[in-house]
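An overview of the molecular structure
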There are 4 protein chains.
Amino acid sequence: MIRNPDVITRLKTAEGHLRGIQRMVEEGVYCIDIIRQIQAVQAALDKVSAMILEDHLHSCVTLAIQGEDPQERERVLKEIVEVFNATNLSQRR
Amino acid sequence: MIRNPDVITRLKTAEGHLRGIQRMVEEGVYCIDIIRQIQAVQAALDKVSAMILEDHLHSCVTLAIQGEDPQERERVLKEIVEVFNATNLSQRR
Amino acid sequence: MIRNPDVITRLKTAEGHLRGIQRMVEEGVYCIDIIRQIQAVQAALDKVSAMILEDHLHSCVTLAIQGEDPQERERVLKEIVEVFNATNLSQRR
Amino acid sequence: MIRNPDVITRLKTAEGHLRGIQRMVEEGVYCIDIIRQIQAVQAALDKVSAMILEDHLHSCVTLAIQGEDPQERERVLKEIVEVFNATNLSQRR
């Protein structure tokens, strides 16, 4: 469960930004400027993911590692590696 | 100017997806699942950028390279390298 | 400390691959094919980083979280977020 | 064909850096520091790819677009989009 209220605020901002980009497309804004705006939204979403991961490490991951269940411990660590791999570029080539 | 109607459709879909993610956060969905959904939105936006770039290469870039103005030619090629660099990871470390 | 012998093997392979790319450049291989080879080396390095991270989570991070030192715990978790951010694209735009 | 002599120099430097990282692994350097060094090599390789792409746009791509062969024109533009997609994250999720 995500407790940081900033997460929702930032997701809402990204959503508004995406609506703005649709308007820019309709108004015929230059292609490269649209691509740059899309990259800005993606950067904002990267920031949100990092905030969620930080929260997650301090809550679920810490609890699991301090807990008694080795399978649960293994599961949360495996998920971190998976998320790292997905942000990572290895899968893309 | 972007002519591909798919661009707007996909931007709208990404916007709706982001709204769905906000709901997931409010409903207390597991952190890692939220991160995965955010990554899916980013992948969808990557696809939109690629579509816009393809359009751009076939229109503005082709016109500039076939045109008579060496500065304009230089400008459009420089922009492609910049966009590549931004998608790229070099700036981040 | 990295215990997985695969890490050294894979680093050696990536090094050999880079030497091969230098030869390709000298032999005048087509630009785009060189870029693809460079991307393959980067993907191989992503895989090495993921292996090291996995090791690290199961050793240092697990020890720190089970340990008694809250500052050390905080430090290892902060590092994970930093590494995630670096693999991430947020810093680049 | 790549004419920029910097490309070979930088590839050699990256190769030397990778050898240094192998030594660091053998000497038991801290995991996270190894990952950071690997990321530095990847960033250096991103820079090399950008240099090659810039060369390529000014030579092969410009020639093809100014040329008379529509299929060749299509081919070089398609390759740019493919390289962009590969550097991009869409494929990885």
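Scroll up a little and you will see the structure.
All values derive from a computational prediction rather than experimental measurement.

Turning our attention to the interface of chain A and chain B. Counting residues at the interface gives 42 residues for chain A and 42 residues for chain B. Across the interface of chain A and chain B, roughly 3,800 Å² is buried in total on both sides, 68% from carbon and sulfur atoms. When the area that chain A buries against chain B is broken down by residue, the three leading residues are A:Q22, A:Y30 and A:C31, summing to 15%. The interface formed by chain A and chain B includes four salt bridges. One salt bridge in this structure joins A:R19 and B:E15, with 2.8 Å as the shortest N-O distance.

Time to look at helix α1 (residues 5-26) of chain B. Think of an α-helix as turning once every 3.6 residues; residues three or four places apart then point the same way. Relative to the 32 Å expected for 22 residues at 1.5 Å per residue, α1(B) spans 33 Å between its end C-alpha atoms, a close match to the ideal helical length. All of the buried residues along α1(B) are B:V7, B:I8, B:L11, B:A14, B:E15, B:L18, B:G20, B:I21, B:Q22 and B:V25. In the core, the buried residues of α1(B) are packed alongside α1 (5-26) and α2 (31-66) of chain A together with α2 (31-66) of chain B. The residue sitting at the N-terminus of α1(B) and contributing the capping side-chain oxygen is B:N4; that oxygen lies 3.0 Å from the backbone nitrogen of B:D6. Residue B:G28 follows α1(B) closely and has a positive phi angle near 80 degrees.

For the pair chain A and chain B, the best superposition has an RMSD of 0.0 Å and corresponds to a rotation of 180 degrees with a translation of 0.0 Å parallel to the axis. One copy is carried onto the other by what is essentially a two-fold rotation axis.

About the thresholds
- Along each chain, residues carry numbers from 1 onward, in the same order as the chain's sequence is written.
- Note on labels: chains are lettered from A, ligands numbered from 1, in written order.
- In keeping with the model being predicted, local features are shown solely for residues with a pLDDT of at least 70 and side-chain atom pairs are shown and tallied solely at 80 or more, while totals for entire chains, interfaces and linings include all residues.
- No hydrogens and no water enter the side-chain calculation; it runs on all heavy atoms of the structure.
- Note on definitions: a residue-residue contact is assigned when non-hydrogen atoms from the two residues lie within 4.5 Å.
- Using a 1.4 Å probe, buried area is obtained as the accessible area two parts lose upon being combined, added over both of them.
- Salt bridge, as applied in this entry: a Lys or Arg side-chain nitrogen positioned within 4 Å of an Asp or Glu carboxyl oxygen.
- Working definition: helices are DSSP H or I runs of at least four residues, strands are E runs of at least two. Numbering for both runs from the N terminus.
- Helix span, expected: 1.5 Å multiplied by one less than the number of residues in the helix.
- A 1.4 Å probe rolled over the protein chains alone gives each residue an accessible area, and that area as a share of the maximum for its type sets the label: buried under 20%, exposed over 50%, partly exposed in between.
- Distance and chemistry together define a polar contact, namely a pair of N or O atoms within 3.5 Å, with one atom able to donate a hydrogen and the other to accept it when in protein, and with adjacent residues in sequence counting only for side-chain atoms on both sides.
- To line up the copies, we fit them by least squares on C-alpha atoms, keeping just the residues with pLDDT of at least 70 in both.

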